[in-house]
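Coordinate inspection notes
Each chain, letter by letter, is given below.
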Amino acid sequence: MISVNDFKTGLTIKVENGIWKVLDFQHVKPGKGAAFVRSKLRNLRTGAIQEKTFRAGEKVEKAQIENSRMQYLYANGDSHVFMDNETYDQLELPEERLEYELKFIKENMEVHIQSYEGETIGIELPNTVTLQVTETEPGIKGDTATGATKQATVETGYSLNVPLFVNEGDLLVINTTDGSYVSRG
């Protein structure tokens, strides 16, 4: 058991028969009444994000998540195949469980497969990925208003806003937590 006062971003907990990852938290001490912890949690089984409030000092069960490194191989219909590089065991995960993550992974990329008590609950992406731009409009010379952006599509099919100087064929570093442009690769 762990106290909600000890929450950290990335901590996994078991609450209401669900496995949750702490995305954000805030300790609140109102002038009147008891202190509490406001948190933003992601359900690791469904991907749903929920805000939950706990009383200060409340205890929750810590969920021990096991991570194993696997390589993404290919899409097989509506599922995706991953392989353990040491044992060569293969694992298929349904597409609906990986909707967000598929925007950032490409063949032969290594990811962490997360499991809880033998049940595979999803994959953990690296903080940033480098992907190649496959489609974008050319930047217009002189069009340099501060913070001007345009749409670009990368090799996985994901579209994001990028600065005007980005061209087709460029490698982009993309933040996987919010899908935003970080820099050129």
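Residues numbered from 1 in each chain as written. Predicted model: local features only at pLDDT ≥ 70, side-chain atom pairs only at ≥ 80, totals over all residues. Heavy atoms only, no water.

1. Focus: the overall build of the chain
Note the cut-off: Each helix is a run of DSSP H or I of at least 4 residues and each strand a run of E of at least 2, with the numbering of both proceeding from the N terminus. Two things to know: the radius of gyration comes from C-alpha atoms, and the globule rule equals 2.2 Å times the number of residues to the power 0.38. Each residue is assigned to one of three classes by its accessible area relative to the maximum for its type, calculated with a 1.4 Å probe on protein chains only: buried under 20%, partly exposed between the two thresholds, exposed over 50%. A contact between two residues is defined here by any heavy atoms of the two lying within 4.5 Å. Methods summary: accessible areas were calculated by the Shrake-Rupley approach with a probe of 1.4 Å, and residue burial reflects only the protein chains presented. Charged-residue counts in this description rest on Lys and Arg as positive and Asp and Glu as negative, His and the chain ends being excluded. Lysine's charge is taken at NZ, arginine's at CZ, aspartate's at CG and glutamate's at CD.
Each helix and strand in the chain was counted, giving 0 helices and 16 strands. Compactness check: the chain gives a C-alpha radius of gyration of 20 Å against a globular reference of 16 Å for 185 residues, more than 25% above the reference. Its C-alpha atoms put the chain at 60 × 50 × 25 Å along the principal axes. Out of the 185 residues belonging to the chain, those deemed buried represent 38%. In the chain, the share of contacts with a sequence separation of at least 24, taken over all contacts with a separation of at least 6, comes to 42%. Of the accessible surface of the chain, which amounts to about 11100 Å², a share of 44% is contributed by carbon and sulfur atoms. In the chain, 20 side chains carry a positive charge and 28 a negative one; their mean positions are 12 Å apart.

2. So, the sheet that holds strand β3 (residues 18-28)
The following threshold applies: Only when DSSP finds a minimum of two bridges between them are two strands counted as paired.
Judged by pairing direction, the sheet is antiparallel, and its 6 strands sit side by side in the order β1-β6-β2-β3-β4-β5 without closing on themselves. In the strand order of this sheet, the two ends are held by β1 (2-3) and β5 (49-55), each with one partner.

3. Section: the sheet that holds strand β11 (residues 119-124)
We apply this condition: Interaxial angle, 0 to 180 degrees, is taken between N-to-C directions of lines fitted to C-alpha atoms, where a helix line uses only the stretch in contact.
Strand order across the open sheet formed by 5 strands is β9-β8-β7-β10-β11, with antiparallel pairing between neighbours. One side of each edge strand has no neighbouring strand; the edge strands of this open sheet are β9 (90-94) and β11. Averaged over all pairs of adjacent strands, the angle between strand axes in this sheet comes to 45 degrees, irrespective of strand direction. By the bridge criterion, 5 bridges tie strand β8 (residues 79-84) to β9 in an arrangement that is antiparallel. Each residue of the ladder has a partner; that of M83, found in β9, is Q90.

4. As for the pattern of salt bridges
Test applied: Each salt bridge in this description consists of a side-chain nitrogen of Lys or Arg and a carboxyl oxygen of Asp or Glu lying within 4 Å of one another.
Counting across every chain of the model gives 4 salt bridges. K106 is the partner of E155 in a salt bridge, and the nearest nitrogen-oxygen pair spans 3.6 Å. Separated by 49 residues along the polypeptide, E155 in the loop between β13 (149-154) and β14 (159-163) and K106 in the loop between β9 and β10 (110-116) bring together distant segments of the chain.

5. Remarks on the packing of aromatic side chains
Filter applied, for reference: Aromatic rings from Phe, Tyr and Trp, with only the six-membered ring used for Trp, were paired whenever their centres fell within 6.5 Å, and each pair was classed as stacked if the ring planes differed by under 30 degrees, edge-to-face if by over 60, and tilted otherwise. Note on criteria: charge over ring means Lys NZ or Arg CZ within 6 Å of the ring centre, with the direction from the centre no more than 35 degrees off the ring normal.
Counted according to the given criterion, the structure contains 4 aromatic pairs. Relative to F54, the ring of F7 lies with its centre 5.6 Å away and its plane at 85 degrees, an arrangement referred to as edge-to-face. Pair noted here: F7 is in the loop between β1 and β2 (12-15) and F54 is in strand β5, with a separation of 47 residues, a long-range link. For the pair F7 and F54, a shared accessibility class is recorded, and that class is buried. What links up through ring pairs into an aromatic cluster is the set Y100, F104 and Y158. Positioned above the aromatic ring of F54 is the side chain of K52, whose terminal nitrogen or guanidinium carbon lies 5.5 Å from the ring centre.

6. A look at the nonpolar core
The following threshold applies: Here, nonpolar core refers to any group of buried Ala, Val, Leu, Ile, Met, Phe, Trp, Tyr and Cys residues whose side-chain atoms link them within 4.5 Å.
The biggest cluster of nonpolar side chains holds 24 residues, and the ones touching the most others in it are F82, I105, I123 and I174. Listing elements by their share of this core, those giving two or more residues are β7 (66-76), β10, β12 (128-136), β13, β14 and β15 (171-175). It is β12 that contributes the most residues to this core, 3 residues altogether. Ranked by size, the runner-up nonpolar core spans 12 residues in total, among them V4, L11, L41 and V60.

7. Examining the layout of surface pockets
Let me state the cut-off plainly: Residues are called lining when one of their atoms sits within 4 Å of a cavity or pocket point, these points coming from a 1 Å grid over the protein atoms alone, where a cavity is a set in which a 1.4 Å probe fits but cannot get out and a pocket is an open set with protein on both sides within 12 Å along at least five of seven lines. Grid points are joined across faces, edges and corners, and a volume is the space filled by probe spheres set on the points. Polarity classes work like this: nonpolar for Ala, Val, Leu, Ile, Met, Phe, Trp, Tyr, Cys and Pro, charged for Asp, Glu, Lys and Arg, and polar for all others, with Gly in that last group.
Within this model, the largest pocket holds a volume of roughly 610 Å³. K21, R42, Y100, E101 and I123 are, among the 27 residues lining the largest pocket, the residues nearest its centre. When contributions to the lining of the largest pocket are tallied by element, the ones reaching two or more residues are β3, β4 (36-43) and β11. With 4 residues, the single largest contributor to the lining of the largest pocket is β11. When its residues are assigned to classes, the lining of the largest pocket shows 9 nonpolar, 10 polar and 8 charged.

Read these as layout, nothing more, since geometry by itself doesn't imply function.
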